[in-house]
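Coordinate analysis (summary)
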Amino acid sequence: MTQTDRDAENGRDREKDREKEQRGVKRPIVPAAVPEPLQEQIQANFIVVIHPGSKTLRMGRATDTLPITVPHVIARRHTQPGQRRYEDQCLLREGLNSAESNEQRQNGLKMVDQVIWSKKMSNGVRRTPVSAEQARLYNRQIRPAVLDPNSKVNWTNTTHQPEYLVGEEALYVNPADCYSIHWPICRGHLNIHSGPGGSLTAALADLETIWSHALQKLLEIPLKDLKYYRCILLIPDICNRQHVKEVVNMLLVKMGFSAVVVHQESVCVTFGSGLSSACVVDVGDQKTSVCCVEDGVSHRSSRLCLAYGGSDVTRCFFWLMQRAGFPYRECQLSNKLDCMLLQQLKESFCHLDQVTSDISGLQDHEFRTRFPDSPVLLYQLRLGDEKLQWWFSACLLICIVLCKMTSLLHRSQGDAEDPHDEHFLLTTQSKQDQSSKATTDRKLFPKPAGFEGESNMCDPSEKGNLTQDLDLGHAQAECLVGGADAEETSSALLSRKTAMTQFEGRALGVDKAILHSIDSCASDETKRKMYSSVLLVGGGLLFHGAQEFLQHRILNKMPPSFRCLVENVDVITRPKDMDPRVIAWKGGAVLACLDTTQELWIHQREWQRFGVRMLRERAAFVW
């Protein structure tokens, strides 16, 4: 076949195709290959982990070795001339300046002296009493020595009148400048009060400003780029759900993160420490939380929150030094720089070491003051048992002077935006239980003929029993929501619930709180795990000998039935030799890299459409 014949044949084929198209017959179209959807890859360098504390903010990328640490404080410039200056207090608490409180404090200190003097040293010999009057006579004669006429510490420069200052700059604002000082978080919750800047809106605005400043200045992330970033937010185990909801809304809507995961501090602590189960004791600056965590789940019934922390210990130590004639007589708890000095002295002088405490008698120390516009001064200080007394003073004075100190996790008050909250679930569960019970009764005990019309009639005594059964069912439902095992009997649930609620509102020491938290666990096997792994984190109990001291007190007070079951009580203070203050943040960074975290992300569009209901659907804990 010649080239001319082949061209003619191809032309005829094209004509046939055109004729088929004209008649409606089209050639089959091969569908394009559709690639399978790929799972979204986790980019840890685009995930920011935020751990907000009452005193310190810890923030960083999930790929960072350590977070950046910023004092969680802001100074805002006055908007009106002559506006009164306001400052949130660091160490002062309400109810501590009354005459009754002062008298109780003095009585408490006397009781502490008796406890200290009655303690035996490690060799079994009783301690030699050291009178505070001896130290006071010496300390009153002390006059400071000038080491340097210039402290080289300056007040924050406010000549350009910035609208706000954050972190260290806020701490060193001159009191004479027109700025008010606010700490947006107090004792684990948003700092809501009746004073200036104490509204929910103001607290959220302070949080947004501080966090935005840290993102831009310290992490070097422009706010306009937050739409490419995700955020993991660590919250307390016992939290105000309305506050959490507002903070999540701030992160997603106002700041512009693309997605958020909310998780509990105690669970993240176990992630950061590499432990599967532990009784987590988090001693912070203003609160102490205790919770039992098993396999990544926080036992709801074991959660305790003690409304005291390291700052309360600092205040008690200051009272003890005042009684001993503290030579720095200008020290005031209302001065934030003096509070920072007292914090340093507490960390330098205090201990819980039994061997060190065997050295009885007075001991000489020295410290320096370095303040703006002041010389560097050197003070001599003579102390006796005050360095060890702080523990007993803090526990005793908190019990005597302060009222409600212990909080448990309660059912939420409900949210108008979340119709399927706990109240709805409990109501439907109760109705289902009643319906199933009635159906079972009709099958087992059929009524004789002729009595159908009397089904709504009952004896008054039976009606009372019915009401009692309904109340019991409601209590059981509450216990079930509290995280109890389904196999546990109702009597065990109620007895455990009663045991936990009997001390609510009272002041507990850390050791007793640990025992109560572990005792609230459902099974003996879980309790044994918790006794074998007590994880002490946070910066409120960073003292030499704290590990052995707490271990000794738990061993002495634990139920005798468990002493033969538990091989040893292990109190862990530095897992993997990490700073206990950053373990929770580190756990949040570990969480960011887990594949299972993909199911927990709450995206911005989802939040804008469904709101707080997404927390109930996506949170890894019972919301």
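Residues numbered from 1 in each chain as written. Predicted model: local features only at pLDDT ≥ 70, side-chain atom pairs only at ≥ 80, totals over all residues. Heavy atoms only, no water.

In the nomenclature of an unreviewed UniProt entry, the protein is known as Actin-related protein 8 of Cyprinus carpio. Comment text from UniProt for the protein, heading Subcellular location (unreviewed entry), reads "Nucleus". What UniProt states about the protein under its Function (unreviewed entry) heading is, verbatim, "Plays an important role in the functional organization of mitotic chromosomes. Exhibits low basal ATPase activity, and unable to polymerize." (UniProt positions renumbered as here; feature names shortened; annotations may be inferred.)

**A word on the environment of Gln216**
Among the structural elements, Gln216 can be located in helix H5 (residues 200-218). Taking the relative accessible area as the measure of exposure, Gln216 reaches 37% and is therefore partly exposed. Once residues lying within four places of it in the same chain are set aside, the contact partners of Gln216 are Ile221 and Leu223. (Helix = DSSP H or I, 4+ residues; strand = E, 2+ residues; numbered from the N terminus. Buried < 20%, exposed > 50% of the residue type's maximum accessible area, 1.4 Å probe, protein only. Contact = heavy atoms within 4.5 Å.)

**Quick word on the environment of Glu163**
Relative to the assigned elements, Glu163 resides in the loop between strand S5 (145-148) and strand S6 (164-166). Glu163 sits 84 residues away from Thr79 along the chain, and the two C-alpha atoms are 8.9 Å apart. Among all residues touching Glu163, those that are not within four sequence positions of it are Ala75, Arg76, Arg77 and Tyr179.

**Some words on the state of the cysteines**
The final tally for this structure, using the stated rule, is 0 disulfides. Free cysteine Cys279: the closest other cysteine sulfur is in Cys292, separated by 4.1 Å. Accessibility expressed as a relative area gives 0% for Cys279, which makes it buried. In this model Cys292 remains outside any disulfide bridge; the closest cysteine sulfur is found in Cys521, 3.6 Å from its own. (Disulfide = S-S within 2.5 Å.)

**Details of the packing of helix H7 (residues 265-273) against helix H19 (residues 583-592)**
Between H7 and H19, the shortest axis-to-axis distance is 6 Å and the interhelical angle comes to 80°. In terms of their interaxial angle, H7 and H19 are classed as roughly perpendicular. Contacts between H7 and H19 involve Glu265, Cys268, Val269, Phe271, Gly272 and Ser273 from the first element and Ile583, Ala584, Lys586, Gly587, Gly588, Val590 and Leu591 from the second. Considering only residue class, the contact of H7 with H19 consists of 7 nonpolar, 4 polar and 2 charged. (Axes fitted to C-alpha atoms, helices over the stretch in contact; angles between N-to-C directions. Parallel < 35°, antiparallel > 145°, perpendicular 65-115°, else oblique. Nonpolar A, V, L, I, M, F, W, Y, C, P; charged D, E, K, R; others polar.)

**Considering the sheet that holds strand S11 (residues 259-264)**
Strand order in the open sheet made by the 6 strands is S3-S2-S1-S10-S11-S21, with mixed pairing throughout. Looking along the sheet, the strands with just one partner apiece sit at the ends: strand S3 (68-71) and strand S21 (602-603). As paired strands, S11 and S21 are joined by 2 bridges and run antiparallel to one another. When the sheet's bridge partners are listed, Val260 is paired in S21 with Ile602. Along the sheet, H7 contacts strand S1 (47-52), strand S10 (230-235) and S11; its crossing angle with S11, the most-contacted strand, is approximately 90°. (Pairing = 2+ DSSP bridges.)

**With respect to the packing of aromatic side chains**
Aromatic ring pairs are described here by two measures, namely the spacing of the ring centres and the angle between the planes. Per the counting criterion, the structure on display carries 9 aromatic pairs. Plain terms: the ring middles of Tyr531 and Phe562 are 5.6 Å apart, the flat faces sit at 45° to each other, and that makes the pair tilted. Taken as a pair, Tyr531 in helix H16 (residues 524-531) and Phe562 in helix H18 (residues 560-563) lie far apart in primary sequence, 31 residues in all. Taken individually, Tyr531 and Phe562 each receive the classification buried, so the pair is uniform in this respect. Centre to centre, the rings of Phe621 and Trp623 are 6.5 Å apart; their planes meet at 50°, and the pair counts as tilted. Of the two residues examined, Phe621 and Trp623, each falls in the buried class. (Phe/Tyr/Trp six-rings, centres within 6.5 Å; stacked < 30°, edge-to-face > 60°.)

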